[in-house]
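# An overview of the molecular structure
Below, each chain spelled out in residue letters.
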Amino acid sequence: MRFDVITIFPGLIRGYLHEGVLGRAEGRGIIRVETWNPRDFSQLPHQRVDDRPFGGGPGMVMMAPPLLACISAARAANPGAPVGYLSPQGKPLRQNDLQNMAGRPGLILLAGRYEGIDERVMGAVDEEWSVGDYVLAGGELPALVLIEGVSRLLPGFLGHPGSAEEDSFSSSGLLDCQHYTRPERWNDEVVPDVLLSGDHRRIARWRHQQALLRTRTRRPDLWAGRILTREEEILLQEADMAEGKY
Ligand code: 9WO
């Protein structure tokens, strides 16, 4: 899958891809990431891409002409790929959005800087995504978040097929359960007996139960409106009973 990132700081994108699983995926040809710098499309002295906001106020706004020229170039290089703008005003990105994006041939991502982009660029933008309700200094980290989240769903990205389906959210819509590895005893803390039992049915049941309990207490927003299976009702009842809730 091909990603084209529009940014005045291409080094931020390339630097992250230099190491780790994403870099390796690029080396193995599973993804391709290209950057486009709006400065290269500026007709102004010093390759200027920002100016003061009409109406006054602090900071600078990214100008429309170099951004639009840059988007056109990226579109020509990645035909059929939608253009996504990363901003706190966007639709909150969820696991199912990443799944949907992983089915596309490519993506063009626009990472803004300063106080934002000229609104007239939005006509060339197909979708607007937020990775969380906070403000950063630019859209580069959110673009990398999106690329990493989509890439690990692509066939061949992970060593073990199926590991991407078993993690938080995918299919179950639940948070992940706890994990343990050696040593079996660390200071006063021990590994739950069930995980050492070798009884795979009981282990799967315990993990499902812990995922349910964690989601209910930590993420009431994800829990609300959730339809429980009969098995899940039983798992919760059993846990609540052990806690003395009845
Ligand atoms: C800066 C600013 C300064 C004073 C008052 C209001 C302000 N808003 C902003 C602002 O939103 N700046 C953005 C910086 C402009 C677009 C790129 N930037 C950005 C993207 N920050 N955070 C994101 C982002 C993107 C996706 N998901 C979460 C955050």
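Remember, predicted model here, so these are calculated numbers, not experimental data. (Residues numbered from 1 in each chain as written. Predicted model: local features only at pLDDT ≥ 70, side-chain atom pairs only at ≥ 80, totals over all residues. Heavy atoms only, no water.)

## Quick word on the pairing of strand S6 (residues 106–111)
For the record, the criterion: Relative accessible area decides the class of each residue, using a 1.4 Å probe on protein chains only: under 20% of the type maximum gives buried, over 50% gives exposed, and in between gives partly exposed. Counting from the N terminus, the helices are the DSSP runs of H or I reaching at least four residues and the strands are the DSSP runs of E reaching at least two. Whether two strands pair depends on DSSP finding at least two bridges between them.
Burial within S6 is extensive, with six of its six residues counted as buried. Because side chains alternate across S6, one face comprises the buried residues Gly106, Ile108 and Leu110, and the other comprises Leu107, Leu109 and Ala111, equally buried. Looking at chain direction, strand S1 (residues 2–6) and S6 are connected through five bridges and run parallel. Counterpart to aspartate 4 in the pairing with S6 is isoleucine 108. In terms of strand pairing, strand S5 (residues 83–92) meets S6 through four bridges, oriented parallel. Considered in S6, the bridge of tyrosine 85 is made with leucine 110.

## A short note on the nonpolar core
Heads up, the condition is: We call a set of buried Ala, Val, Leu, Ile, Met, Phe, Trp, Tyr and Cys residues a nonpolar core when their side-chain atoms join them within 4.5 Å. Only heavy atoms matter for contacts: two residues are in contact if any of them lie within 4.5 Å across the pair.
Among the nonpolar cores identified, the biggest contains 25 residues, and Phe3, Ile31, Val33, Met101, Leu146, Ile147 and Val150 are the most heavily contacted of them. Of all the elements in the fold, those that place two or more residues in this core are S1, helix H1 (10–17), helix H2 (20–27), helix H4 (95–102), S6 and helix H5 (140–151). Looking at which element gives the most residues to this core, the answer is H5, with five residues. Once residues within four sequence positions are removed from consideration, valine 33 is found in contact with Phe3, Val5, Ile13, Arg14, Leu17, Glu26 and Ile147.

## Observations concerning the environment of glutamine 99
Its location among the elements puts glutamine 99 in helix H4. Assessed through its relative accessible area of 37%, glutamine 99 is described here as partly exposed. Along the backbone, glutamine 99 and arginine 219 are 120 residues apart, and their C-alpha atoms lie at a distance of 21 Å. In this structure glutamine 99 touches Leu153 and Ser170, once residues within four positions along its chain are discounted.

## So, the domain arrangement of the protein chain
The condition that has to hold: As used throughout, domain bounds are those supplied by an automatic or database domain assignment.
As assigned here, the protein chain comprises domain 1 (2–151) and domain 2 (172–242). Taking only C-alpha atoms into account, the centre of domain 1 sits 38 Å from that of domain 2.

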